[in-house]
Each structure stands twice: as C-alpha cells, then as structure tokens.
Amino acid sequence: MVRGLDALTSLTLKHVRERWWNDAFGEFLEQALKPRPGKRILDVGCGVGTAEISFARLQVSQLRLFGVDMLLERVREARDRVRGINARAGFASADAGRLPFVDGAFDCTFCVAVLQHLRDVPMALAEMARVTCEGGLILAVEPDNAARYWYSSIPSGMEAFELGRRFLTALALARGEAPATAIGPALPGLFSAAGITPLSVDLFPVSSSHVGSHPAAVWKARAEAIERAISMAPNDSLRRLGSDFAAAVARYGRDATEAGPAFVEIQNAMLFASLGQRPDSA
C-alpha cells in the first residue's frame, strides 16, 4: 500500500515520512479523524504541513486546523505551503511534552511518526489526552523500527545490510538518539497508561520489491546518504565503520549490476495506527 522505504541506508522510519505519505494514507487519516464543520484538530509534530494541506483540500467549512512542531523552520515552511493554497490553519513551534493549549481545546489530536523521536512518550501522550476534549479522538501512527525486513538475492547485499545496521545503530547512539524501538505495536498499552481508551489498530506495510538491478540513480542516492551519515560521525572509529559500509554498498551495486535480471531485493517495515478516545469524566 505505502512505498518508499530504503532500509539499507535508513535505520528507522524517522526520516522518510514524506516518502510513504501518499493519497491512500491521507484518506485513512480523514476516515479516522472525520473532519467536520466546526471541528478543532491538532497535529502534533506537523512537519511541513502535509496533513493540514490534505485536510484543507476537503474544503470543509469552519474546520479549524492547528499544527505544532519542535523545528521552527518546519513550522515556517508549513505556514508558507498552506498559505500557498489559501487554506486556513495555524502553526506554532512547541514541544510535544508541553503543549501550549488549555485542557480540552481540540476535538481530535493526532501525531504521525513523532513519538518514535521522543524519550518521554508517556508525557507526550498524557499531553495529547489533556488537550483533547472528553469523548474526543486521539490517533498515533508509529512504526516498529526494531523489525525491518531485508532480503537480497546476492550475498554482498545481506552483508552490506548487516554492516549498515551496525554503523547506523552506533551512529544513532553516539549522537544521543534513541535506539530503534518497537513503539508501534506498543501503542494500545501506552494509550491505556495515559488514560486513553484504545479503539482500533490499523496496519500499513511500508514495502518495496525490485527485480533486476536498480538504476544508477538509486546507487548514487545510497552512496550520498551514506556520505551524509559519515559526515555526522563524531569520531574516527565510527567514520572508519561508515567507510566500510560505503565500500560494501559499492560492492553490492557492482554485484547487482552483474547479476542483471537474476537480482532481487525486498524490504518491508510496518506502521501501526492506533486510534483511541479520551473517556468522559462521568
């Protein structure tokens, strides 16, 4: 259903959201959150306003959209993009763990691929519940970053993937980032702990398969992604490991080209969309 993941050069789904957010996923959000006239919907971690643009194009009268993101440059880009289609939506820079809204300010609150970035997920969910009105809906969509599937018909492809896993994991830890976690399937339990009643869980595979060697542009993009990762390595040991990874991927590319139509590459990850409701106090 949803495509665009390159598991070889991305340890998690953290940095590829815009690549798998397609029309079908936008339709799911609409069905889950049911935007109606007068509804107030909050997007926590709105990025560049993808969801707001999707909702705005429905042309629902008096629908009130608001998005927050930690990065000010994303907030500015989201505001500019929404303004470009004459849509009405408000944006602000804010921390998911300290939302700048009064209790019960929104009818629906949602986040997509945001909780996986946070060290204090329970606090963020508690805040999402707090700013949602009683009976309101809360949606969180997160991956299982601990369960990426990768297959290559060429041994050097499997070797490159394993080396990449080691390098990207070590790089994330060295940079103080949270390691890959299985947050997606844990969402219903996290909801319950935050006082949110779980209602449903929908699964979205993020997958791709390829027969025959990739075009040269794919191998170039992979090499550039690895170069960017190496440039962020804080020490020589990690840079050496990154260089070994780059060499392994280059070797993999040569082997794939030589294999021609016999080459096969398959990868898959899973998104979990958990819908919940803030219960009535009565």
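All chains use their own residue numbering, which begins from 1 and follows the written sequence. It should be noted that, the model being predicted, local features are given only for residues of pLDDT at least 70 and side-chain atom pairs only at 80 or more, the latter also being counted only at that level, while totals for whole chains, interfaces and linings use all residues. Think of the side-chain values as coming from all heavy atoms in the structure, minus any hydrogens and water.

1. Thoughts on the packing of aromatic side chains
To describe a pair of aromatic rings, one takes the distance between the centres and the angle between the planes.
Stage number 1. Each pair of aromatic rings taken from Phe, Tyr and Trp, with Trp reduced to its six-membered ring, is defined by centres within 6.5 Å and is described as stacked if the planes are under 30 degrees apart, edge-to-face if over 60, and tilted in the remaining cases. Tallied over the entire structure, the rule returns 11 aromatic pairs.
Stage number 2. Taking the centre distance of 4.9 Å and the plane angle of 90° together, the rings of Phe 101 and Phe 106 count as edge-to-face.
Stage number 3. A simple rule labels every residue: compare its accessible area, found with a 1.4 Å probe on the protein chains alone, to the largest value its type can have, and call it buried under 20%, exposed over 50%, or partly exposed in between. Assessed through its relative accessible area of 18%, Phe 101 is described here as buried.
Stage number 4. Residue Phe 106 is classed as buried on the basis of its relative accessible area of 7%.
Stage number 5. Ring geometry for Trp 150 against Phe 161: centres 5.3 Å apart, planes inclined by 5°, an arrangement best described as stacked. One end of the pair, Trp 150, is in strand 6 (residues 149–152); the other, Phe 161, is in helix 6 (residues 155–174), and 11 residues separate them in sequence.
Stage number 6. On the basis of relative accessible area, Trp 150 is assigned to the buried category, the value being 6%.
Stage number 7. Through pairs of rings, three or more aromatic residues link up here, namely Trp 150, Phe 161, Trp 219, Tyr 252 and Phe 263.
Stage number 8. Ring-over charges, as used throughout, are those where CZ of Arg or NZ of Lys falls within 6 Å of the ring centre and within 35 degrees of the ring normal. The ring centre of Trp 219 lies 5.1 Å from the NZ or CZ of Arg 222, which sits over that ring. Note on conventions: DSSP H or I runs of at least 4 residues are helices, E runs of at least 2 residues are strands, and numbering of each starts at the N terminus.

2. Some thoughts on the packing of helix 6 against helix 9 (residues 236–259)
Between two packed helices, both the angle of their axes relative to each other and the distance between the axes serve to describe the pair.
Stage number 1. At a minimum axis distance of 9 Å, the contact between helix 6 and helix 9 shows a crossing angle of 155°. Taken together, helix 6 and helix 9 sit at an angle that is classed as roughly antiparallel. Considering how the two elements wind past one another, helix 6 and helix 9 form a crossing that is left-handed. Within the contact between the two elements, helix 6 uses Ser 156, Gly 157, Ala 160, Leu 163, Gly 164, Arg 166, Phe 167, Ala 170, Leu 171 and Ala 174 and helix 9 uses Leu 238, Leu 241, Gly 242, Asp 244, Phe 245, Ala 248, Val 249, Arg 251, Tyr 252 and Asp 255.
Stage number 2. Any residue that is not Ala, Val, Leu, Ile, Met, Phe, Trp, Tyr, Cys, Pro, Asp, Glu, Lys or Arg is counted as polar, Gly included; the first ten are nonpolar and the last four charged. Classifying every residue of the contact of helix 6 with helix 9 gives 12 nonpolar, four polar and four charged. What counts as an axis is a line fitted to C-alpha atoms, over the stretch in contact for a helix, and the angles between N-to-C directions run from 0 to 180 degrees. Each angle receives one of four descriptions, namely roughly parallel if under 35 degrees, roughly antiparallel if over 145, roughly perpendicular if within 65 to 115, and oblique otherwise. The sense of a crossing depends on the near helix, which, turned anticlockwise from the far helix by less than a right angle, makes the crossing left-handed and, turned clockwise, makes it right-handed. What makes two residues a contact is simply this: any of their non-hydrogen atoms within 4.5 Å.

3. Concerning the pairing of strand 2 (residues 64–69)
Stage number 1. Any two strands with at least two DSSP bridges between them are considered paired. Two elements, strand 1 (residues 40–44) and strand 2, share five bridges in a ladder whose sense is parallel. Looking at strand 2, one finds that Arg 40 is bridged to Arg 64.
Stage number 2. A clockwise course of the path from the first strand over the helix to the second, judged with the strands pointing away from the viewer, identifies a crossover as right-handed. Between the parallel elements strand 1 and strand 2, the chain passes through helix 3 (residues 50–56) in a crossover that is right-handed.
Stage number 3. Of the strand pairs in this sheet, strand 2 and strand 3 (residues 89–93) are connected by five bridges, and their pairing is parallel. By the bridge assignment for strand 3, Asp 69 is matched with Ser 93.

4. Remarks on the pairing of strand 1
Stage number 1. Among the five residues in strand 1, four count as buried, and that is most of the element.
Stage number 2. Two elements, strand 1 and strand 4 (residues 106–112), share three bridges in a ladder whose sense is parallel. Paired with Leu 42 across the strands is Thr 109, a residue of strand 4.

5. Some details on helix 2 (residues 23–33)
Stage number 1. Within helix 2 the residues assigned to the buried category are Phe 25, Gly 26, Phe 28, Leu 29, Ala 32 and Leu 33. Buried positions in helix 2, seen along its axis, are confined to an arc of 155° and lie on one side of it. With respect to the buried face of helix 2, the exposed residues turned more than 90 degrees away are Asp 23 and Gln 31.
Stage number 2. Lys 34 sits one or two residues past helix 2 and shows a positive phi near 50°. This arc is built from the directions going out from the helix axis to the C-beta atoms.

6. Digging into a nonpolar patch on the surface
Stage number 1. Among the surface-exposed residues, Tyr 149, Tyr 151, Met 158 and Ile 266 lie close enough to one another that they form a single nonpolar patch of about 350 Å² accessible area.
Stage number 2. Mapped onto the elements, Met 158 comes out in helix 6.
Stage number 3. When its relative accessible area of 35% is taken as the criterion, Met 158 is described as partly exposed. Residues enter a patch when their relative accessible area is above 30% and they make no salt bridge; the linking distance is 9 Å between like charges and 5 Å between nonpolar side chains (Val, Leu, Ile, Met, Phe, Trp, Tyr). The Shrake-Rupley method, run with a 1.4 Å probe sphere, supplies the accessible areas, and residue values consider only the shown protein chains as cover. When a carboxyl oxygen of Asp or Glu is within 4 Å of a side-chain nitrogen of Lys or Arg, the pair counts as a salt bridge.

7. Observations regarding the environment of Asp 202
Stage number 1. Residue position: Asp 202 is located in strand 7 (residues 197–211).
Stage number 2. Sequence-wise, Asp 202 and Lys 220 are 18 residues apart; in three dimensions their C-alpha atoms are separated by 35 Å.
Stage number 3. Aside from chain neighbours lying at most four places away, what touches Asp 202 is Phe 28, Leu 271, Phe 272 and Ala 273.

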